[in-house]
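Here are the chains, one letter per residue:
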Amino acid sequence: VDMQLAYMEQQCLDGTEQAVLHEVRRKAMCDKWVLCSATGEMIFKEGQLVQVHDMALNPMLSSSKKLQP
């Protein structure tokens with residue numbers, strides 16, 4: 001039983017490591033896409049107003065509730 005638990009814990013750690021590596025690759029691709037876009041990197045200063053898209057509300061049909069004030 002101890003061997004099975006150790007194997008299961010190792011699989012969990014391997015899965016977590018793969019998820020982290022996948023996210024790092026996705027972020028690198030997104031950063032490259034943003035930097036190559038026409039506007040490039042946008043740096044906001046304190047006090048500027050920006051729109052925030054709430055992904056938790058993504059399944060809703062109305063877009064007015066997705067944008068936070």
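Everything below is about the structure shown above.
**As for the overall build of the protein**
And step 1. Summing up its helical and strand segments, the protein has one helix and two strands in all.
And step 2. Reading the protein from its N terminus to its C terminus gives the helix and strand order α-β-β.

**Considerations on the pattern of salt bridges**
And step 1. Counted under the stated rule, the structure contains one salt bridge.
And step 2. Residues Lys 27 and Asp 31 are paired through a salt bridge, measuring 2.7 Å at the closest nitrogen-oxygen approach. One end of the pair, Lys 27, and the other, Asp 31, are both in helix α1 (residues 2-36), four residues apart, so they sit about a helical turn from each other.

**Considering a nonpolar patch on the surface**
And step 1. On the surface, a nonpolar cluster with roughly 380 Å² of combined accessible area is contributed by Met 42, Phe 44, Val 50 and Val 52.
And step 2. Relative to the assigned elements, Val 52 resides in strand β1 (residues 52-53).

Rules behind the numbers
Residue indices begin from 1 for each chain and proceed along its sequence in written order. Owing to the predicted nature of the model, reporting of local features is limited to residues with pLDDT of at least 70; listing and counting of side-chain atom pairs is limited to 80 or more, with chain, interface and lining totals taken over all residues. For the side-chain quantities, the full set of heavy atoms in the structure was used; hydrogens and water were omitted. Runs of E in the DSSP output that reach at least two residues are strands. Runs of H or I that reach at least four are helices, and both are numbered from the N terminus. Here, a salt bridge means any side-chain nitrogen of Lys or Arg that lies within 4 Å of a carboxyl oxygen of Asp or Glu. Exposure above 30% relative accessible area and the absence of a salt bridge qualify a residue for a patch, where like charges join within 9 Å and nonpolar side chains (Val, Leu, Ile, Met, Phe, Trp, Tyr) within 5 Å. With residues, only the protein chains shown are counted as cover, and all accessible areas are computed by Shrake-Rupley using a 1.4 Å probe.

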